[in-house]
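So you can see what is in the structure, the chains are spelled out below.
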Amino acid sequence: MNKQSKYKAFRVEEKDGNYISSIKEIPFTPLEKGELLIKVHYSSLNYKDALSSIGNKGVTRNYPHTPGVDAAGTIVSSESNKFKVSDQVIVTSYDLGMNTDGGFAQYVKVPEDWVVKLPENLTMKEAMTIGTAGLTAGMSVLRLSEIVKPEDGPIIVSGATGGVGSLSITILKKLGYKTVAITSKETEIEFLKKLGADEIVLRKDFEKMDKKPLLKSRFAGGIDTVGGVILENIIKSTHPMGVVTCCGNVASPKLDLTVFPFILRGVTLIGIDSQNYPMTYREKVWNKLSKEWKNDQLTEAADEISLNELNEKIALILKGKLKGRTLVTLEV
Ligand SMILES: C=CC(=O)SCCNC(=O)CCNC(=O)[C@H](O)C(C)(C)COP(=O)(O)OP(=O)(O)OC[C@H]1O[C@@H](n2cnc3c(N)ncnc32)[C@H](O)[C@@H]1OP(=O)(O)O
Ligand SMILES: NC(=O)C1=CN([C@@H]2O[C@H](COP(=O)(O)OP(=O)(O)OC[C@H]3O[C@@H](n4cnc5c(N)ncnc54)[C@H](O)[C@@H]3O)[C@@H](O)[C@H]2O)C=CC1
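Keep in mind that this is a model prediction, so the values were computed, not measured.

Now for helix H3 (residues 163-174). In this model H3 runs 17 Å from its N-terminal to its C-terminal C-alpha over 12 residues, within 8% of the 16 Å that 1.5 Å per residue would give. Of all the 12 residues making up H3, 10 are buried; the element is thus mostly covered by neighbouring parts of the structure. Backbone geometry just downstream of H3 places Gly-176 in the positive-phi region, at approximately 90°.

Laid out in structure tokens, this is it:
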């Protein structure tokens with residue numbers, strides 16, 4: 001690698017409290033022991049990247065910064081004993097795209113401990129169609145399936161047209177669960193049915209605040225990606241001994257609940273944290289995503305954009321207007 005050379009990145013800068021993004025040329029910095037330099041072929045857009053790009057200090061403390069919690073690429077330089085030059089790898093979460101420059105760039109520099117070998121049955125493009133959203137969906141379904149089985153009843157999924165929601169529906173379908181998808185997008189009902197949703201519930205009918213501590217029990221479980229009143233209503237509508245996973249806060253980080261769903265119905269609430277998910281489980285989920293959970297439909301439906309188009313898509317994801325997955329190609 002020529003020390004003088006630079007690489008392109010989608011860079012967010014802070015100017016007088018405003019956060020401005022543009023494509024910049026960044027100089028390479030030397031690798032430390034245990035680090036890898038990866039030439040990124042694909043990244044993908046996750047909600048967290050949008051938060052990073054608008055200056056959410058809970059995600060990124062210091063700017064200038066390159067967002068992108070996902071990257072798939074080829075190792076071009078290695079100071080690691082675990083990986084060698086030419087290995088094809090995936091990096092998702094840990095600190096990538098948060099306070100470490102992320103995947104919206106032609107190169108990323110990461111510690112070896114964050115890296116997963118690309119599973120045999122996945123291309124880099126497929127891996128990034130899955131990305132952090134798919135890993136989170138996989139973790140959610142895996143945890144849920146340890147407690148409730150398909151014969152226990154339907155599973156409700158919120159934020160169903162989004163990255164985590166849509167991938168959750170496809171995995172649940174593969175495992176034989178009946179699914180109920182919550183969406184505000186009446187135009188996407190066919191999309192959700194094609195993914196495998198058995199029933200659609202409109203968001204406006206599910207986000208009404210109800211002071212009652214329990215609602216009629218309707219679902220064996222839930223995969224919630226939005227938080228707030230929708231998560232409250234899912235928990236209050238879950239069957240005895242059912243389970244709800246919680247990973248997101250696009251609607252709200254708040255929960256206003258009583259203990260009754262937990263102590264009168266034995267409902268379990270499971271928090272999902274993909275960022276620090278241990279490597280052993282991470283590899284297990286990636287292997288399932290590459291084999292029995294693999295879904296070609298979403299790969300085909302994914303939108304593919306370049307770094308130049310990121311700003312436009314970030315504005316849409318923040319408004320809840322994106323559907324499925326958005327791949328970012330760094331291939332030239
Ligand atoms: C792909 C994944 C996702 O999409 S996750 C969802 C998107 N992410 C977010 O919305 C992040 C939101 N985070 C925040 O808004 C803030 O971090 C906060 C409100 C949760 C906390 O901010 P605050 O300023 O109140 O906390 P401190 O920085 O003072 O920290 C307090 C305490 O918590 C620990 N902590 C902070 N952030 C995290 C984190 N992301 N994961 C785990 N732990 C966290 C922090 O280390 C402090 O503990 P201490 O023992 O004192 O070090
Ligand atoms: N805990 C973890 O490890 C992870 C958490 N997340 C979180 O999960 C959530 C979903 O992430 P993605 O699927 O990447 O985002 P996304 O933008 O692709 O999907 C969000 C979905 O929620 C819907 N939505 C938006 N605003 C809403 C509202 N007010 N009420 C109800 N629905 C609303 C959108 O229409 C969309 O269908 C985000 O909060 C993200 O930060 C994502 C990945 C990992």
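Attention now moves to the nonpolar core. In this structure, Leu-144, Ile-155, Ile-169, Leu-172, Leu-192, Val-285 and Trp-286 are the most contacted members of the largest nonpolar core, which totals 44 residues. Put simply, the parts of the chain that give this core at least two residues each are helix H2 (124-145), strand E8 (155-157), H3, helix H4 (189-195), strand E11 (219-224) and helix H8 (279-290). Split by domain, the residues of this core number at least three in each of domain 1 (6-118 + 302-329) and domain 2 (132-271). Once you skip the residues sitting within four places of it in the chain, Leu-192 turns out to touch Ala-160, Thr-161, Ile-169, Ala-181, Thr-183, Ala-197 and Ile-200. The next biggest cluster of nonpolar side chains, apart from the first, holds 28 residues, and it includes Leu-45, Tyr-94, Phe-104 and Leu-307.

Looking now at the packing of aromatic side chains. Evaluated as defined, the whole model comprises 8 aromatic pairs. Between Tyr-7 and Phe-28, the aromatic rings sit 5.0 Å apart at their centres with planes inclined by 45°, giving tilted as the arrangement. Remark: Phe-28 occurs in the loop between strand E2 (18-27) and strand E3 (35-44) and Tyr-7 occurs in strand E1 (residues 6-15); sequence separation between them is 21 residues. According to the relative accessible area criterion, Tyr-7 is buried, its value standing at 11%. Judged by its relative accessible area of 16%, Phe-28 is buried.

Taken from the UniProt record, the annotation "domain: Enoyl reductase (ER)" (unreviewed entry) applies to residues 21-328. In residues 21-328, the share of helix is 30% and the share of strand is 25%. The end C-alpha atoms are 16 Å apart.

Contacts to ligand 1 come from Lys-48, Leu-51, Gly-58, Arg-61, Thr-132 and Asn-249. One of the side-chain nitrogen or oxygen atoms of Arg-61 is found 3.3 Å away from an oxygen atom of ligand 1. Protein chains bury 32% of the 1,000 Å² of accessible surface belonging to ligand 1 in isolation. Within the shell around ligand 1, the residues separate by chemical class into 1 nonpolar, 3 polar and 2 charged.

Once that is clear, we can look at the pairing of E2. Summarising the sheet, E1 and E2 pair through 10 bridges and their orientation is antiparallel. Looking at the pairing, Lys-6 lines up with Pro-27 of E2. The antiparallel pairing of E1 with E2 creates a hairpin that spans 2 residues between the two strands, and Asp-16 there sits at a positive phi of about 50°.

With that out of the way, let us pick up the pairing of strand E12 (residues 238-246). By the bridge criterion, 5 bridges tie E11 to E12 in an arrangement that is parallel. Bridge assignment links Gly-222 to a residue of E12, and that residue is Val-244. Direction of pairing for E12 relative to strand E13 (residues 268-271): parallel, over a ladder of 4 bridges. Bridging from a neighbouring strand, Val-244 pairs with Leu-269 of E13.

For the structure shown, the criterion picks out 14 salt bridges. Residue Lys-57 pairs with Glu-14 through a salt bridge whose shortest N-O separation is 3.9 Å. Placement of Lys-57 in the loop between helix H1 (47-53) and strand E4 (70-78) and of Glu-14 in strand E1 is noted, with a sequence separation of 43 residues between them. A residue is classified by how much of its surface remains accessible, and Lys-57, at 38% relative accessible area, is partly exposed. With relative accessibility at 39%, the residue Glu-14 sits in the partly exposed group. Of the charged contacts, one joins Glu-188 and Lys-323 as a salt bridge, the two residues approaching to 3.3 Å between their closest N and O atoms. Highlighted residues: Glu-188 in the loop between strand E9 (179-183) and H4 and Lys-323 in the loop between helix H10 (310-318) and strand E15 (326-329), separated in sequence by 135 residues.

For the rest of this paragraph, the subject is a nonpolar patch on the surface. Taken together, the side chains of Val-259, Phe-260, Ile-263 and Leu-264 present a nonpolar region at the surface, about 390 Å² in accessible area. Position of Leu-264 relative to the elements: it lies in helix H7 (residues 260-264). Overall, the relative accessible area of 57% leaves Leu-264 in the exposed class.

The rules behind each value
Residues numbered from 1 in each chain as written. Chains lettered and ligands numbered in written order. Predicted model: local features only at pLDDT ≥ 70, side-chain atom pairs only at ≥ 80, totals over all residues. Heavy atoms only, no water. Helix = DSSP H or I, 4+ residues; strand = E, 2+ residues; numbered from the N terminus. Expected span 1.5 Å × (residues − 1). Buried < 20%, exposed > 50% of the residue type's maximum accessible area, 1.4 Å probe, protein only. Core = buried A, V, L, I, M, F, W, Y, C linked by side-chain atoms within 4.5 Å. Domains from an automatic or database assignment. Contact = heavy atoms within 4.5 Å. Phe/Tyr/Trp six-rings, centres within 6.5 Å; stacked < 30°, edge-to-face > 60°. UniProt positions renumbered as here; feature names shortened; annotations may be inferred. Near = heavy atom within 4 Å. Polar contact = N/O pair within 3.5 Å; in protein donor to acceptor, adjacent residues only side chain to side chain. Areas by Shrake-Rupley, 256 points an atom, 1.4 Å probe, with all protein chains shown as cover. Nonpolar A, V, L, I, M, F, W, Y, C, P; charged D, E, K, R; others polar. Pairing = 2+ DSSP bridges. Salt bridge = Lys/Arg side-chain N within 4 Å of Asp/Glu carboxyl O. Patch = residues over 30% accessible without salt bridge, like charges linked within 9 Å, V, L, I, M, F, W, Y side chains within 5 Å.

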